[in-house]
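Working through the structure, step by step
This is what each chain is made of:
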Amino acid sequence: MNILPKKFVNKFIINEQKQKSARWLELNGCSKNIDASYDGYTGIKLHRFPTSEDSFYACYPDITKDYEKLKFDMICETSAVMKKTFGKIRVLKLFLDNFATGAKWDTKFMVEFPGRDRQGKVQFARYNGKIVTGNYISNNVYGYLCAAIGIPERMSKFIARVYSKGFLEPIISGKIPDKKLLKFSDPISDQEAVSSGYRDFRNQKLHQINNN
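Below or above, wherever it landed, is the structure these notes cover. (Residues numbered from 1 in each chain as written. Predicted model: local features only at pLDDT ≥ 70, side-chain atom pairs only at ≥ 80, totals over all residues. Heavy atoms only, no water.)

Re the packing of aromatic side chains
Taken as a whole, this structure holds eight aromatic pairs when the rule is applied. For the pair Phe 99 and Tyr 142, a centre-to-centre distance of 5.3 Å together with 85° between the ring planes defines the contact as edge-to-face. Residue Phe 99 is found in the loop between helix H4 (87-98) and strand E1 (124-127), and its partner Tyr 142 is found in helix H5 (residues 134-148); the two are separated by 43 residues along the sequence. Assigned by exposure class, Phe 99 and Tyr 142 land together as buried. Between the aromatic rings of Tyr 144 and Phe 201, the centroid separation amounts to 5.5 Å while the plane-to-plane angle is 80°, which identifies the pairing as edge-to-face. Taken together, the residues Tyr 144 in helix H5 and Phe 201 in helix H9 (residues 188-210) connect sequence positions 57 residues apart. In this structure Tyr 144 comes out as buried when scored by relative accessible area, which is 5%. Among the aromatic side chains, those forming a connected cluster through ring pairs are Phe 95, Phe 99, Trp 105 and Tyr 142. Sitting over the face of the ring of Tyr 144, Lys 71 holds its NZ or CZ atom 4.3 Å from the ring centroid. (Phe/Tyr/Trp six-rings, centres within 6.5 Å; stacked < 30°, edge-to-face > 60°. Helix = DSSP H or I, 4+ residues; strand = E, 2+ residues; numbered from the N terminus. Buried < 20%, exposed > 50% of the residue type's maximum accessible area, 1.4 Å probe, protein only. Lys NZ or Arg CZ within 6 Å of the ring centre and 35° of its normal.)

A short note on the packing of H5 against H9
Taken N-terminus to C-terminus, the directions of H5 and H9 make an angle of 50°; their axes are 7 Å apart at the nearest point. In terms of orientation, H5 lies oblique with respect to H9. For the element pair H5 and H9, the recorded crossing hand is right-handed. Packed against H5, whose contacting residues are Asn 135, Tyr 136, Asn 139, Asn 140, Tyr 142, Gly 143, Tyr 144, Cys 146, Ala 147 and Ala 148, the element H9 presents Asp 190, Ala 193, Val 194, Ser 196, Gly 197, Tyr 198, Asp 200, Phe 201 and Gln 204 at the interface. For the contact of H5 with H9, the class distribution of residues is ten nonpolar, seven polar and two charged. (Axes fitted to C-alpha atoms, helices over the stretch in contact; angles between N-to-C directions. Parallel < 35°, antiparallel > 145°, perpendicular 65-115°, else oblique. Left-handed = near helix turned anticlockwise from the far one by under 90°. Contact = heavy atoms within 4.5 Å. Nonpolar A, V, L, I, M, F, W, Y, C, P; charged D, E, K, R; others polar.)

With respect to helix H2 (residues 16-27)
In this model, H2 (twelve residues) spans 17 Å end to end at C-alpha, consistent with the 16 Å of a helix rising 1.5 Å per residue. Looking only at H2, the buried set comprises Lys 18, Ser 21 and Leu 25. Each buried residue of H2 sits inside an arc of 60° when the element is viewed along its axis, so together they form one side. Away from its buried face, by an angle of more than 90 degrees, H2 presents the exposed residues Glu 16, Glu 26 and Leu 27. Two residues or fewer past H2, Gly 29 is found with a positive phi of approximately 75°. (Expected span 1.5 Å × (residues − 1). Arc of directions from axis to C-beta.)

Rendered as structure tokens:
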């Protein structure tokens, strides 16, 4: 059910990028009703990601190189938006649009990274020598980007919890969250992954300082 007038939703909320994401989801046979509680299929992948943590280490595709490139591209896009008039406000809108489940920056739906298979089973990959899930990567990159633009860690984790409850749906999709979403809570593992993104950003900064 839409909470805002259809014309307003189409003009200010359902932008071109969201339409592209929706078409991609449809082509991949993913559900049309995707929100923070979604635990279904996340689309075709370039690699055969195992759905078990008990596989041989070499069986897990190494996504480190692709993931580092993704973070670099995101930083470049964010920096460009920050330089515009009302840059900080624009970046916050960019984050709300792009980090939503199934949106442009949700790595679980990207072909290079793990998500869930057709049975809804969690997929695993290798990142910096660790075996990680698609949820870890999507929350890690969210924490990394938030750290990069100066959002305090507590604030970014609070926003993630608010989003997971569906309270931002009127802004993101123009719809009222359903009962299932309102009962959903951001898992502790997702919150810890957000913190890991902050640690990665700090460690990268320290490494750059020490090498200068």
